[in-house]
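For reference, the chains in residue letters:
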Amino acid sequence: MESAVKRIGVLTSGGDAPGMNAAIRAVVRTAMKNSIECVGIRRGWAGLIAGDICPMNSGSVSRIINRGGTILYTARSDEFRTPEGQKKAANTCKLLGLDGIVAIGGDGTFRGAQDLSRFGVSVVGVPGTIDNDIVCTDYTIGFDTAANTAVECIDRLRDTMQSHERCSVVEVMGRHAGYLALYVGVAVGATAVLVPEHQYDFEKHVAEKIRAARLGGKTNFMIVVAEGAASAMDVGKEIKEHLGLDPRVTILGHIQRGGSPTAKDRVLATRMGYEAVRVLAEGMTNRVICVRDDQIVNVDIDEGLAMKKTLNAEEFEVMTVMTGV
Ligand SMILES: Nc1ncnc2c1ncn2[C@@H]1O[C@H](COP(=O)(O)OP(=O)(O)O)[C@@H](O)[C@H]1O
Ligand SMILES: O=P(O)(O)OC[C@H]1O[C@](O)(COP(=O)(O)O)[C@@H](O)[C@@H]1O
Ligand SMILES: [Mg+2]
């Protein structure tokens, strides 16, 4: 089939996520198979504005499928949020003869892609963020690895908390989204889980859960807090003040974003990267690659971003029943 694009760019933007490299590799290799030239754009949208490019070929993506982070670097760019910045980025595309851009990132990255498409550049988004907060897709690259890393860390904390009969407050990532906290909280058998989607109430969400666990015979407690729900330090202070316990607070932070991607992240990233190039080759634009019921599909970016994602109600209910007991 004759491809609708001759030369494309690939970039990673926003917070990095394990599996982004596998997606870059799939984009480059699929492009090559279809005789499409592929140019790497370093440092996300900032790099597109600056024309920060590197040539890509089969060799440049060798031995990266197993590596965390992103070989193209990533950045957050305030300039790209402005029409002037977007115009500069579109001019780079014109100068380099880029017909299309594959943007691997989160919701912010896709809003940027939406804007760039208004300048006549074809864009396709590949969801890569540990937050799993992109409305139109069941899954975003990096979530599985980050969740498993957090679970491993919390299991270690649990050993020492059990020995000392202590309370642990652990902060996981998620400024605006509680998917990671909820999933990890269920996986570690947390005493309580705090998510930004629900207004924090110390008495109801923490004190009552700890009390129920203590009445059930437990002498150690694990509180999982999404960073956007409450400050783990503050939760720790409240536990000390109101319940008389002496909690230990751990902020997992960027540990969660690193490490070798799980098989799930590598495979989905590869399938999504392949689909992104296929979509551009077919002449489509303004699409997000999504996974729905384990099928890789593409969705209009405007429609995708307009959808409202909520926490999985069944998973939340399960967490509510499992905590505090
Ligand atoms: N509403 C927007 N319009 C244009 N560009 C945006 C918008 N939101 C974010 N961006 C661009 O995308 C970048 C990445 O977004 P960010 O929200 O930080 O990460 P993520 O893509 O992982 O959600 C931002 O630094 C900015 O350059
Ligand atoms: O790396 P930074 O700039 O400290 O950002 C931290 C944020 O990035 C994330 O890890 C991922 O968010 P994005 O994918 O939207 O960039 C959030 O969970 C966290 O709140
Ligand atoms: Mg985001």
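Residues numbered from 1 in each chain as written. Chains lettered and ligands numbered in written order. Predicted model: local features only at pLDDT ≥ 70, side-chain atom pairs only at ≥ 80, totals over all residues.

As recorded in an unreviewed UniProt entry, the protein goes by ATP-dependent 6-phosphofructokinase and comes from Vescimonas coprocola. UniProt's Catalytic activity (unreviewed entry) comment on the protein is quoted here verbatim: "beta-D-fructose 6-phosphate + ATP = beta-D-fructose 1,6-bisphosphate + ADP + H(+)". Check the Pathway (unreviewed entry) section of the UniProt entry for the protein; it says "Carbohydrate degradation; glycolysis; D-glyceraldehyde 3-phosphate and glycerone phosphate from D-glucose: step 3/4." (UniProt positions renumbered as here; feature names shortened; annotations may be inferred.)

Colleague: Run through the site of ligand 2, naming residues and quoting values.
Modeller: Every residue near ligand 2 is listed here: Gly-14, Gly-15, Gly-106, Gly-108, Thr-129, Ile-130, Asp-131, Met-173, Gly-174, Arg-175, Glu-227 and Arg-257. Tallied by class, the residues present in the shell around ligand 2 amount to 2 nonpolar, 6 polar and 4 charged. Taken together, domain 1 (7–142 + 261–306) and domain 2 (145–258) each give at least three residues to the shell around ligand 2, which thus spans both. (Near = placed C-beta within 6 Å. Nonpolar A, V, L, I, M, F, W, Y, C, P; charged D, E, K, R; others polar. Domains from an automatic or database assignment.)

Colleague: Could you give an account of the sheet that holds strand 8 (residues 221–226), naming the residues involved and the relevant values?
Modeller: The sheet built from 4 strands is open, its strands ordered 7-8-6-9 with parallel pairing. Edge positions in the sheet fall to strand 7 (192–194) and strand 9 (248–251), since each of these pairs with one other strand and no more. Within this sheet the neighbouring strands show an average axis-to-axis angle of 15 degrees, counted without direction. Pairing geometry for strand 6 (residues 167–172) and strand 8, over 6 bridges, is parallel. Across the sheet, Val-169 pairs through a bridge with Ile-223, a residue of strand 8. In the packing of helix 5 (residues 143–164) onto the sheet, contacts are made with strand 6, strand 8 and strand 9, and the angle to strand 6 comes to roughly 165 degrees. In this fold helix 7 (residues 202–215) packs onto strand 6, strand 7 and strand 8, with an angle of close to 165 degrees to the strand it touches most, strand 7. (Pairing = 2+ DSSP bridges. Helix = DSSP H or I, 4+ residues; strand = E, 2+ residues; numbered from the N terminus. Axes fitted to C-alpha atoms, helices over the stretch in contact; angles between N-to-C directions. Contact = placed C-beta atoms within 7 Å.)

Colleague: Outline the UniProt feature "domain: Phosphofructokinase" (unreviewed entry) in the protein, supporting the account with residue identities and numerical values.
Modeller: Mapped onto this numbering, the UniProt entry gives "domain: Phosphofructokinase" (unreviewed entry) at residues 7–279. The span residues 7–279 is 44% helix and 16% strand, and its two end C-alpha atoms sit 14 Å from each other.

Colleague: Any chance you could break down the site of ligand 1 for me, citing the residues and the numbers?
Modeller: Lining the immediate environment of ligand 1, one finds 17 residues, of which Gly-14, Arg-76, Gly-106, Gly-108 and Gly-112 sit closest. At 6 residues, helix 4 (residues 107–117) tops the list of elements feeding residues into the shell around ligand 1. When grouped by side-chain class, the residues that make up the shell around ligand 1 number 2 nonpolar, 10 polar and 5 charged.

Colleague: Could you give me a rundown of the nonpolar core, with the residues and numbers involved?
Modeller: Judged by nonpolar contacts, the single largest core of 95 residues is most densely connected at Leu-180 and Val-225. Residue-level mapping places this core at the junction of two domains, with at least three residues from each of domain 1 (7–142 + 261–306) and domain 2 (145–258). The residues contacting Leu-180, other than those within four sequence positions of it, are Ile-130, Asp-131, Asn-132, Phe-143, Ala-146, Ala-147, Ala-150, Val-172, Met-173, Gly-174 and Ala-226. (Core = buried A, V, L, I, M, F, W, Y, C linked by C-beta atoms within 7 Å. Buried ≥ 20, exposed ≤ 12 C-beta atoms within 10 Å, placed from the backbone.)

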